[in-house]
Amino acid sequence: MKLLRLGAPGAEMPAVRDENGATFTLAGLTDDIDGPFLAAGGIDRVRAALAQGSLPAVDPTGLRVGAPVARPGKVVCIGLNYRDHAEETGAAVPERPVVFMKDPSTVVGPFDPVLIPRGSVKTDWEVELAVVIGREARYLDDPAQAAACIAGYAISNDVSEREFQLEFSAQWDIGKSCESFNPLGPWLVTPDEVGDPQDLGLRLTVNGEPRQDGSTKNMIFDVAYLVRYLSQYMVLRPGDVINTGTPAGVALGLPGNPYLRAGDTVELTVDGLGTQRQTFRNA
């Protein structure tokens, strides 16, 4: 099952796409796909309504696709979580997860334009598997408990400004939290449809040229480990998003550092999670 939000920013309609590719509105079931919806068993209610055939069909043609989760409480990011990415950036392979936070207001739709910040010369891309939390995670004991807290998965582009991130501050936040720096979607895909989250291919192209081609099987810390680990240090709440890291192939690690410029188009794909695409323009 794939949950999505359709319409203009701030006026998105919650919807679901079934296994046959048909789209149905959830407007009579919920006002939005957000933390309270997930916490109240919203996914189970949608699944039951789909089975009953009680949801009105909707034609998504021509409608903007928003981020599949409205107003995340927090976006927690894991840095250097693929060995090849750590090596390409010259960083040591971490012994514990590298955790940083990203401003939740960076989350935009998967096809929305991304703004290159004023003064930027090193805006970079990162295709990532995003985890969306569906129930409170607090001091979890084991991976099974962690898996039970996951509402689903989505594609995330953890856009980064490397000069801001690495040269202007000892913290990474200012290079990660620029306006529009976290396209998410197109869908929130439920775990039963995704299968093994540690066996998904991730790919990214810039202007049609392949840049990243990796697999979640190469994560240093897997999804369940990350959810359990984070729950020891913060309470994860329904609607929170975890960006789980990116494989090699970012501009920071490529010869010549081909950072993004206005007019560049980035396309991201993760197996089973669809495709997103952004064109970059100056802020």
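See the structure above.
The model shown is predicted, which means the values in this text are computed figures rather than measured ones.

Caption draft 1: View of the layout of surface pockets. Computed from the structure, the largest pocket encloses a volume of approximately 290 Å³. Lining the largest pocket we find 16 residues, and of these Ile43, Asp44, Arg135, Ile150 and Ala151 sit closest to its centre. Elements that contribute at least two residues to the lining of the largest pocket include exactly α1 (35-39), α2 (42-52), β11 (150-157) and α7 (191-194). The leading source of residues in the lining of the largest pocket is α2, at 4 residues. Of the residues in the lining of the largest pocket, the class split is 8 nonpolar, 4 polar and 4 charged. One number sums up the size of the second largest pocket: a volume of about 240 Å³. Lining the second largest pocket are 16 residues; nearest its centre among them are Arg5, Glu12, Ala70, Arg71 and Val107. Its residues assigned to classes, the lining of the second largest pocket shows 8 nonpolar, 3 polar and 5 charged.

Caption draft 2: Looking closely at the packing of aromatic side chains. Here the structure, examined in full by the defined rule, presents 5 aromatic pairs. With a centroid separation of 5.4 Å and 25 degrees between ring planes, the pair formed by Phe221 and Tyr225 is classed as stacked. Judged by its relative accessible area of 31%, Tyr225 is partly exposed. Through successive ring pairs, a cluster of aromatic residues spans Phe221, Tyr225, Tyr229 and Tyr233. Above the ring of Tyr225, the side-chain terminus of Arg228 is found at 5.5 Å from the ring centroid.

Definitions and cut-offs
- Residues numbered from 1 in each chain as written.
- Predicted model: local features only at pLDDT ≥ 70, side-chain atom pairs only at ≥ 80, totals over all residues.
- Heavy atoms only, no water.
- 1 Å grid on protein atoms, 1.4 Å probe; cavity = no way out; pocket = protein on both sides within 12 Å on 5 of 7 lines; lining within 4 Å.
- Points joined across faces, edges and corners; volume = space filled by probe spheres on them.
- Helix = DSSP H or I, 4+ residues; strand = E, 2+ residues; numbered from the N terminus.
- Nonpolar A, V, L, I, M, F, W, Y, C, P; charged D, E, K, R; others polar.
- Phe/Tyr/Trp six-rings, centres within 6.5 Å; stacked < 30°, edge-to-face > 60°.
- Buried < 20%, exposed > 50% of the residue type's maximum accessible area, 1.4 Å probe, protein only.
- Lys NZ or Arg CZ within 6 Å of the ring centre and 35° of its normal.

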